[in-house]
Amino acid sequence: MSGATRVRAALGLGSNLGDTSANLAEALARLSATPGLDIVARSSDYRTPPWGPVPQDDYRNACVVIETDLAPADLLARCLEVEKELGRVRDVRWGPRTIDIDLLLYGEAKVDEEGLTVPHPRMGERAFVLVPLAEIWPEAPIGDGRSVREALATCAGRDEIVLLDD
């Protein structure tokens, strides 16, 4: 898709194994080195409780806004490649992870294909996504008629998200 109009997209990152700050930094460095992908905004880091039934440590989460000319499937493939490079093992659903990179938004596109749904189908109910994303792109449309800011206003658990200043 090189030479096509660049699209503004959003990625969510999380880590709860090892040096979580270094994990996010390394993932962002690798994403930044990707041709056709530029990080234009990065949220602060937040400590967030784990999601799902698996007992585990809290997460460090952040979001980035990017501009890209990669197609959605190619962007997802690059995110998965970075996860693998950083030692991500997918053995337990919602389990602990060195790094998790989710494709949250791809412009105003709606994508529903094998392995990829954009906007991310559950982002509107996940404070660990909405809090950092609201910091850098509050008016982003999340696909259900609401903006990030509007979804966050009624999202359960937002008081459990803690800004990290390290």
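See the structure printed just above.
The text that follows walks through the structure, step by step, so that each part is easy to find. (Residues numbered from 1 in each chain as written. Predicted model: local features only at pLDDT ≥ 70, side-chain atom pairs only at ≥ 80, totals over all residues. Heavy atoms only, no water.)

1. Topic: the packing of aromatic side chains
- A complete count under the given rule lists 0 aromatic pairs for this structure.
- Above the ring of Trp137, the side-chain terminus of Arg8 is found at 5.9 Å from the ring centroid. (Phe/Tyr/Trp six-rings, centres within 6.5 Å; stacked < 30°, edge-to-face > 60°. Lys NZ or Arg CZ within 6 Å of the ring centre and 35° of its normal.)

2. Section: the packing of helix α1 (residues 20-32) against helix α2 (residues 72-85)
- Where α1 meets α2, the axes come as close as 10 Å, and the angle between the chain directions of the two elements is 135 degrees. Judged by the angle between their axes, α1 and α2 are oblique. Considering the relative orientation of α1 and α2, their crossing is right-handed. Listed contacts from α2 to Ala27, Arg30 and Leu31 of α1 are Arg78, Cys79, Val82 and Glu85.
- When its residues are assigned to classes, the contact of α1 with α2 shows 4 nonpolar, no polar and 3 charged. (Axes fitted to C-alpha atoms, helices over the stretch in contact; angles between N-to-C directions. Helix = DSSP H or I, 4+ residues; strand = E, 2+ residues; numbered from the N terminus. Parallel < 35°, antiparallel > 145°, perpendicular 65-115°, else oblique. Left-handed = near helix turned anticlockwise from the far one by under 90°. Contact = heavy atoms within 4.5 Å. Nonpolar A, V, L, I, M, F, W, Y, C, P; charged D, E, K, R; others polar.)

3. A word on the environment of Pro138
- Relative to the helices and strands, Pro138 is located in the loop between α3 (127-136) and α4 (148-153).
- Classification of Pro138 as partly exposed rests on a relative accessible area of 22%.
- As a C-alpha pair, Pro138 and Lys110 span 28 residues in sequence and 19 Å in three-dimensional space.
- Aside from chain neighbours lying at most four places away, what touches Pro138 is Leu133, Ser147, Val148 and Arg149. (Buried < 20%, exposed > 50% of the residue type's maximum accessible area, 1.4 Å probe, protein only.)

4. A few points about the nonpolar core
- Counting residues in each nonpolar core, the largest one holds 25 residues, and the members touching the most others are Leu11, Leu13, Leu31, Leu75 and Ile101.
- For this core, the secondary structure elements donating two or more residues are β1 (7-15), α1, β4 (59-68), α2, β5 (100-106) and β7 (116-118).
- Look past the residues within four positions of Leu13 in its chain and what remains in contact with it is Leu24, Ala27, Leu28, Arg60, Asn61, Ala62, Val64, Ile99, Asp100 and Ile101.
- Within the second largest apolar cluster, 23 residues are counted, among which are Val65, Ala127, Phe128 and Cys155. (Core = buried A, V, L, I, M, F, W, Y, C linked by side-chain atoms within 4.5 Å.)

5. Let's talk about the pairing of β4
- Judged by how many residues are buried, β4 sits mostly within the fold: 9 of 10 residues are covered.
- Sheet topology places β1 next to β4; 9 bridges connect them, and they run antiparallel. The residue bridging Ser15 from the neighbouring strand is Arg60, located in β4.
- Pairing of strand β2 (residues 37-42) with β4, which is carried by 5 bridges, proceeds in the antiparallel orientation. When the sheet's bridge partners are listed, Asp38 is paired in β4 with Glu67.
- Pairing geometry for strand β3 (residues 46-48) and β4, over 3 bridges, is antiparallel. (Pairing = 2+ DSSP bridges.)

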